[in-house]
Amino acid sequence: PTVIMCRRSTARIAEVSPGSPAESAGLRKGDIVLKADDRPVHSAAQLRNRIGLARIGEQVRLTVERSGAPQIVTVAVGPATEASSSQSNGSVQRR
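Everything numeric in this text was worked out from a predicted model, so none of it was measured. (Residues numbered from 1 in each chain as written. Predicted model: local features only at pLDDT ≥ 70, side-chain atom pairs only at ≥ 80, totals over all residues. Heavy atoms only, no water.)

## Considering the pattern of salt bridges
Here comes step 1: Inspection of the entire model under this criterion finds 3 salt bridges.
Here comes step 2: Here Asp31 ties to Arg66 by a salt bridge, and the two come within 2.7 Å at their closest N and O atoms. With Asp31 in the loop between α1 (21-25) and β3 (32-36) and Arg66 in strand β5 (residues 59-66), this pair connects stretches of sequence that are 35 residues apart. Side by side, Asp31 and Arg66 carry an identical accessibility label, which is buried.
Here comes step 3: Across the pair Glu58 and Arg50 runs a salt bridge whose closest N-O atoms are separated by 3.3 Å.
Here comes step 4: Residue classification places Glu58 among the partly exposed residues on the basis of a relative accessible area of 29%.
Here comes step 5: Note on Arg50: relative accessible area 14%, which makes it buried. (Salt bridge = Lys/Arg side-chain N within 4 Å of Asp/Glu carboxyl O. Helix = DSSP H or I, 4+ residues; strand = E, 2+ residues; numbered from the N terminus. Buried < 20%, exposed > 50% of the residue type's maximum accessible area, 1.4 Å probe, protein only.)

Okay, here's the thing in structure tokens:
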């Protein structure tokens, strides 16, 4: 799973699991999520809520900052894995 951490009112990607929808979409450790479907993301909780409301298979367009430059990444929401369900920090995969 991709673990999200909150830092300075942002959601930062802390880990991207091999074979996950996040990895397939091109998310990387350290990416800062600025927007989800063109809506500002100010916290990990906001990002988890947006992902949690998405249906499995739905595409979520994320605007991320990587190396100081904005990039667009489209992630297909996948079912939660056992490991992501036990993570308290959240996941890009749906619970």
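Now that the structure has been shown, the text picks up again.
## Here we look at the nonpolar core
Here comes step 1: Ranked by size, the top nonpolar core spans 16 residues in total, and within it Leu27, Val33, Leu47, Val60 and Leu62 carry the most contacts.
Here comes step 2: Looking at this core, the elements with two or more residues in it are β2 (11-15), β3, α2 (44-53), β5 and β6 (69-76).
Here comes step 3: Ranked by the residues each element gives to this core, the list is headed by β5, at 3 residues. (Core = buried A, V, L, I, M, F, W, Y, C linked by side-chain atoms within 4.5 Å.)

## A word on unusual backbone geometry
Here comes step 1: The backbone phi angle of Asp37 is positive, close to 50°, even though this residue is not glycine.
Here comes step 2: Tracing the sequence through the fold places Asp37 in the loop between β3 and β4 (39-40).
Here comes step 3: With phi around 65°, Asp38 is a residue other than glycine that occupies positive phi space.

## Topic: α2
Here comes step 1: For α2, the set of buried residues is Ala44, Leu47, Arg50 and Ile51. The arc that holds the buried residues of α2, viewed along the axis, is 125°, so those residues lie on one side. Facing away from the buried surface of α2 by more than 90 degrees, the exposed residues are Asn49 and Leu53. (Arc of directions from axis to C-beta.)

## Description of the confidence of the model for the protein
In low-pLDDT segments, the atomic positions of the prediction should not be examined closely.
Here comes step 1: Mean pLDDT over the protein works out to 81, with 76% of the residues at or above the 70 mark.
Here comes step 2: Least confident of the elements in the protein is helix α3 (residues 82-86), whose mean pLDDT is 49; most confident is β5, at 96. (pLDDT = per-residue confidence, 0-100.)

## Re the environment of Ala80
Here comes step 1: Structurally, Ala80 can be placed in the loop between β6 and α3.
Here comes step 2: Placed 24 residues apart in sequence, Ala80 and Ile56 show a C-alpha to C-alpha distance of 9.5 Å.

## Let's talk about the pairing of β3
Here comes step 1: Here β2 runs beside β3; their pairing, made up of 2 bridges, is antiparallel. Paired with Ala11 across the two strands is Val33, which belongs to β3.
Here comes step 2: As paired strands, β3 and β5 are joined by 4 bridges and run antiparallel to one another. Its bridge partner being in β5, Ile32 is matched across the sheet by Glu65.
Here comes step 3: Bridge count between β3 and β4: 2 bridges; the pairing is antiparallel. Looking across to β4, one finds that Lys35 is bridged to Pro40.
Here comes step 4: Where β3 folds back onto β4 in an antiparallel hairpin, the turn is made up of 2 residues, including Asp37, whose phi is positive at roughly 50°. (Pairing = 2+ DSSP bridges.)

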